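# A structural walkthrough
Residue-level listing of the chains:
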Amino acid sequence: MTILKHEIRQGRNSLIIWTAVIAFMLGVCILIYPEISKQMDGLSEAFANMGGFSAAFGMDKLNFGEFLGFFGVECGNVLGLGGAFFAALAGIAALSKEERGHTAEFLLTHPVSRQNVVAQKLVSVIVQIIILNAVAVGITALTTIMIGESPDIKPLTLTFAAYLMMQIEIAAICFGISAFIGSGGLGLGLWLAAAFYFLNIIANLTDSAEFLKYITPFGYTDSSSIIADGRIEIKYLVVGIVMTVIGIGAAFWKYGRKDIS
Amino acid sequence: MNAVETLLLTKFYGKSRGINEIALTVAEGDFFGFIGPNGAGKSTTIRILMGLISQTSGTAKIFGRDVGKTDVLTDVGYMPSEANFYHGMKVREVIKYSAELRKRDCTKEAEGLCERLELDVNKKISELSLGNRKKVSIVCALQHKPRLCILDEPTSGLDPLMQREFYAVLKERNAEGATIFLSSHILSEIQKYCKRAAVIREGRLLFCDQVENLVHTNAKKIALSGIPEPPKINGISNVENDGDVVRFLYSGEARELLNALAPLPITDVNITEPDLEEIFMHYYKEDDRDNS
């Protein structure tokens, strides 16, 4: 618990900033929805008929003129991308920052096993991600009530659950990488999160690239299928869970036997 | 029981040498100095003892238990050569975090140490000079009263007064039964405080003995005034001549030297024990000759 508390305190500022920015953008987007929906009547069809562009963001399947449709696309970009970046940064820094800052010599020469260090750092990353998402849910609920919408709860819940899982997967993959690299890595984490995001867009654009949805965790967060079909695509989710387990397993395996430089 | 015991301890970093077949024994209660130039392998040895890196081959034990196991570290206080801590934390928080990681309440001991070392616990780590960061490191290494203190170049960055206070603390701990194992490249420090010492060079252990024995060799340091060069007898080495005084090391029969000196026009004589540094340099030169 000592390391967990320390980690959360160390990451506090970063968490507050990321959460505040994401919550603010999410809130603003929802608050302007009534304004948009008024002008949406003719536009909705236009949005759905922009070919590749519509498909890339799932707008061909979602009705942008309905709150859930709007929310699926907008939320996908704000919470999806923002959360993914935060998760990647938190995950990749968790273990490697000790070596980068030469604090590993301090931490690991206390009577705490490496496995214990890894476990507490992992929990701290997940706790931070949960806090960020909880605030996002709260802001969504608050602003949705404020604009007088009462959307179907089930697809909304599934959307948030999928985003949470996606962020945990990205964090877990980066966490695994974190155990291998000695320093740096922040750039790699951001790059990875962005790459996953664009892989999903490519997969949306052409049918021949649909296999990419197995690779990117954004595959199962696609609001178009969650909101339109009312379920998370299980086959993509299973791959995501496997990747998460591999990432976490790799971190425990590597960090336990690593020479600290 | 031995506090530290290594056998054929070897570490290679890829193909490059770290240390080679180090056999080191430090008895419990010892005040042990580990001497060698930079890059000799002191830190490599210490990092293996602390479980930060694993050896390529050989064994290392602390109080009879294999290093690398977590519970070994309960009895150990460690001070790394570079004192780095978490940014944004205050000195007090770092010291408390260290105690919490050991699941111990060391508040009283920590306060005493901070007072003696004149360390301001309310400052932020990022505001501290190197010397003051070292002090934080000292408190973290000693506040839980460990049975074994492993200190990697502890005095670098400390001013002379602080060094004296630091060694005073170590001597007290040693008197209470704690084992002190410290590395240094400053020989006078080792000579002044340590009971036993080992010399490491290029990854190999050159010798390991009582500091007293290392100093009290047969060799004497001789300085003569009034003659330009030493007498021509066996056992003379390291001749230096600075104008009026000729200095050299002599290892041989005292009578033979005195007989040789008697007829010479000498105006002043000074015979002393050589210090560890001179023996050390002497040993290094010999080692170089053996190698070439």
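Our subject is the structure that appears above.
So, here's what we can say about the structure. (Residues numbered from 1 in each chain as written. Chains lettered and ligands numbered in written order. Predicted model: local features only at pLDDT ≥ 70, side-chain atom pairs only at ≥ 80, totals over all residues.)

### Notes on the overall build of chain B
Helices and strands together make up the secondary structure of chain B, namely nine helices and 14 strands. With the C-alpha coordinates of chain B rotated into their principal frame, the extents come out at 70 × 40 × 35 Å. A buried classification covers 40% of the 292 residues belonging to chain B. The long-range fraction of contacts in chain B, counting pairs at least 24 apart against all pairs at least 6 apart in sequence, stands at 71%. (Helix = DSSP H or I, 4+ residues; strand = E, 2+ residues; numbered from the N terminus. Buried ≥ 20, exposed ≤ 12 C-beta atoms within 10 Å, placed from the backbone. Contact = placed C-beta atoms within 7 Å.)

### Concerning the overall build of chain A
Counting secondary structure elements, chain A contains 13 helices and zero strands. The linear arrangement of helices and strands in chain A, starting from the amino end, is α-α-α-α-α-α-α-α-α-α-α-α-α. Against the globule reference of 18 Å for 261 residues, chain A gives a C-alpha radius of gyration of 20 Å, in line with a compact fold. In terms of its C-alpha atoms, chain A occupies a principal-axis envelope of roughly 65 × 40 × 25 Å. Here chain A, with 261 residues, has 44% of them falling under the buried criterion. (Rg over C-alpha atoms; globule rule 2.2 N^0.38 Å.)

### Examining the sheet that holds strand β7 (residues 148-152) of chain B
All names here are of chain B. Pairing is mixed across the open sheet formed by six strands, whose spatial order is β6-β7-β8-β3-β9-β10. Among the strands making up the open sheet, the edge pair consists of β6 (76-79) and β10 (204-210). Along the sheet, successive strands turn relative to each other by an average axial angle of 15°, direction set aside. Where strand β3 (residues 31-35) meets strand β9 (residues 196-201), four bridges bridge the pair, whose relative direction is parallel. Its bridge partner lying in β9, Phe34 is registered against Ala198. (Pairing = 2+ DSSP bridges. Axes fitted to C-alpha atoms, helices over the stretch in contact; angles between N-to-C directions.)

### Remarks on helix α13 (residues 234-256) of chain A
An α-helical segment advances 3.6 residues per turn. Residues three or four places apart therefore align on the same side. Residue and element names in this part refer to chain A. With 23 residues, α13 extends 33 Å between its outermost C-alpha atoms, agreeing within 8% with the 33 Å of an ideal straight helix rising 1.5 Å per residue. Along α13, the residues classified as buried are Tyr236, Leu237, Gly240, Thr244, Gly247, Ile248, Ala251 and Tyr255. Contacts made by the buried residues of α13 are with α6 (67-100), α8 (114-146), α9 (153-180) and α11 (212-215). (Expected span 1.5 Å × (residues − 1).)

### Focus: the interface of chain A and chain B
Contacts between the two partners involve 16 residues from chain A, matched on the other side by 19 residues from chain B. Elements with a minimum of two residues in the side of chain A that touches chain B: α1 (2-10) and α7 (104-107) of chain A. If you tally residues by element for the side of chain A that touches chain B, the top one is α1(A), at three residues. The class makeup of the residues in the side of chain A that touches chain B is five nonpolar, nine polar and two charged. (Nonpolar A, V, L, I, M, F, W, Y, C, P; charged D, E, K, R; others polar.)

### Remarks on the environment of Lys96(B)
All names here are of chain B. Tracing the chain through its elements places Lys96 in helix α2 (residues 91-101). What makes Lys96 partly exposed here is the crowd of 19 C-beta atoms within 10 Å. With ten residues separating them in the primary sequence, Lys96 and Cys106 have C-alpha atoms 8.0 Å apart.

### Let's talk about unusual backbone geometry
Residue and element names in this part refer to chain B. Of note in this structure, Glu153 is not a glycine but carries a positive phi near 50°. Relative to the helices and strands, Glu153 resides in the loop between β7 and α5 (160-175). On the basis of neighbour count, Glu153 is assigned to the buried category, with 21 C-beta atoms found within 10 Å. The phi dihedral of Glu202 is positive, around 45°, even though this residue is not glycine. Mapped onto the elements, Glu202 comes out in the loop between β9 and β10.

### Quick look at the nonpolar core
In this structure, Leu26(A), Ala88(A), Ile170(A), Ala171(A), Val139(B), Ile150(B) and Phe181(B) are the most contacted members of the largest nonpolar core, which totals 132 residues. Beyond its immediate stretch of four places on either side in the chain, Ala88(A) contacts Ile170(A), Cys174(A), Gly189(A), Leu190(A), Leu192(A) and Ala193(A). (Core = buried A, V, L, I, M, F, W, Y, C linked by C-beta atoms within 7 Å.)

### Looking at the environment of Ala172(A)
Summarising the element assignment, Ala172(A) is placed in helix α9. Once the C-alpha coordinates of Ala172(A) and Val125(A) are considered, the two residues, 47 residues apart in sequence, prove to be 9.0 Å apart.

### A closer look at the sheet that holds strand β11 (residues 220-225) of chain B
Residue and element names in this part refer to chain B. The strand order across the open sheet formed by four strands is β12-β13-β11-β14, and the pairing between neighbours is antiparallel. The sheet is open, and its two borders are formed by β12 (236-242) and β14 (268-272), each paired with just one other strand. For this sheet the average axis-to-axis angle between neighbouring strands, irrespective of direction, equals 15°. The pairing of β11 with β14 spans five bridges and is antiparallel. Directly across from Ser225, in β14, lies its bridge partner Asp268.

### What about the pairing of strand β2 (residues 16-27) of chain B?
In summary, the side chains of a regular strand alternate between the two faces of the sheet. In this structure, strand β1 (residues 2-13) of chain B lies alongside β2(B), joined through eight bridges in antiparallel fashion. Bridge assignment links Leu9(B) to a residue of β2(B), and that residue is Ile22(B).

### Quick look at the environment of Pro111(A)
Structurally, Pro111(A) can be placed in the loop between α7 and α8. Each residue touching Pro111(A), except ones within four places of it in the same chain, is listed here: Thr70(B), Asp71(B), Leu73(B), Thr74(B) and Arg102(B).

### Describing the pairing of strand β8 (residues 179-184) of chain B
Residue and element names in this part refer to chain B. Within β8, six of the six residues are buried, which leaves the element mostly enclosed by the surrounding structure. In this structure, β3 lies alongside β8, joined through five bridges in parallel fashion. Looking at the pairing, Ile35 lines up with Ser184 of β8. At this point the chain moves from β7, through α5, to the parallel β8, and the crossover so formed is right-handed. (Right-handed = clockwise from strand over helix to strand, strands pointing away.)

### With respect to the packing of α8(A) against α9(A)
Residue and element names in this part refer to chain A. In the contact formed by α8 and α9, the axes pass within 10 Å of each other and the chain directions differ by 155°. Taken as axis vectors, α8 and α9 run roughly antiparallel relative to one another. Considering how the two elements wind past one another, α8 and α9 form a crossing that is right-handed. Contact residues: Leu122, Val125, Ile126, Ile129, Asn133 and Val137 in α8; Phe160, Tyr163, Leu164, Gln167, Ile168, Ala171 and Phe175 in α9. Of the residues assigned to the contact of α8 with α9, the class counts are eleven nonpolar, two polar and no charged. (Parallel < 35°, antiparallel > 145°, perpendicular 65-115°, else oblique. Left-handed = near helix turned anticlockwise from the far one by under 90°.)

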